[in-house]
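These are the residues of each chain, in order.
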Amino acid sequence: FRFWPAQFKCVGITNLTNEHLDFHKTMWRYFRAKAWLFKNVSKKSIWIIPRNFKYHKELKEISQTSEIWEFDRNKKWDLFAKKIRQNPELDLELSVAWEDIKVKTKMIWDFNVDNVLIAAWIGKFLWLQSNEIKKWIEDFMPIPGRQEIVKSKKWVDFIIDFALTPHSLECL
């Protein structure tokens, strides 16, 4: 209830993992807490959810909106990544509302593809032009200490990440 009484016009979710089970105790309780964000939006809101989301059906059942946009990073859907390159930053070609947008992010690791897809669609929802969305995503700076690349003058670069849960360690 951290966001009460906010009324969101656009909400999205990428996944649920065990990072917050110390607080929520079970995945179902964690899902119910996230579902609250979706439940307490205006009827004119937009939802963005992954096609392969474990609780996809349950989220759609509580929907009070007719605008549910689904994404699948690899398949042609409302929103998807046409090309994904990593070296180590993500270099993506996205299809957002049937328009292609090429972005080079400062983010690393595969799970951020979904975050970028949702950010791009929110940009479209806010009526941003493709070049504005591209700049918005490319200018985004990751939080220091999370997926931070430290360039070295020697032959080795470093990645700092304070990943402390099993899922986040698997993503490294």
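It should be emphasised that the depicted structure is a prediction, and the values quoted were computed from it without experimental measurement.

1. Considering the overall build of the protein
Thinking step 1. Scanning the protein from terminus to terminus reveals six helices and eight strands.
Thinking step 2. Each helix (α) and strand (β) of the protein, taken in turn from the N terminus, gives the series β-α-α-β-α-β-β-β-β-α-α-β-β-α.
Thinking step 3. With the C-alpha coordinates of the protein rotated into their principal frame, the extents come out at 55 × 40 × 30 Å.
Thinking step 4. The long-range fraction of contacts in the protein, counting pairs at least 24 apart against all pairs at least 6 apart in sequence, stands at 45%.
Thinking step 5. When the accessible area of the protein is evaluated, it comes to approximately 11,200 Å², of which 57% is carbon and sulfur surface.
Thinking step 6. Taken together, the 29 basic and 22 acidic charged side chains of the protein have centroids lying 3 Å from each other.

2. A few points about helix α5 (residues 130–139)
Thinking step 1. Looking only at α5, the buried set comprises Ser 130, Ile 133, Ile 137 and Glu 138. Looking straight down α5, one finds its buried side chains confined to an arc of 125°; they lie on one side. Seen from the buried face of α5, the exposed residues on the opposite side, beyond 90 degrees, are Asn 131 and Lys 135.
Thinking step 2. Elements in contact with the buried residues of α5: β6 (99–108) and α4 (112–125).

3. Comments concerning the pattern of salt bridges
Thinking step 1. A full pass over the atoms with the stated rule returns ten salt bridges.
Thinking step 2. Between Lys 83 and Glu 93 there is a salt bridge, with its nearest N and O atoms 4.0 Å apart. Here Lys 83 is found in strand β4 (residues 79–86), whereas its partner Glu 93 is found in strand β5 (residues 89–96), with ten residues between them in sequence.
Thinking step 3. When the shortest N-O distance is used, the salt bridge between Glu 138 and Lys 134 registers 3.0 Å. One end of the pair is Glu 138 and the other is Lys 134, both in helix α5 and four residues apart, which spans about a single turn.

Definitions and cut-offs
Residues numbered from 1 in each chain as written. Predicted model: local features only at pLDDT ≥ 70, side-chain atom pairs only at ≥ 80, totals over all residues. Heavy atoms only, no water. Helix = DSSP H or I, 4+ residues; strand = E, 2+ residues; numbered from the N terminus. Contact = heavy atoms within 4.5 Å. Areas by Shrake-Rupley, 256 points an atom, 1.4 Å probe, with all protein chains shown as cover. Lys, Arg positive; Asp, Glu negative; His and termini not counted. Charge placed at Lys NZ, Arg CZ, Asp CG, Glu CD. Buried < 20%, exposed > 50% of the residue type's maximum accessible area, 1.4 Å probe, protein only. Arc of directions from axis to C-beta. Salt bridge = Lys/Arg side-chain N within 4 Å of Asp/Glu carboxyl O.

On their own, these measurements won't tell you what the molecule is for.
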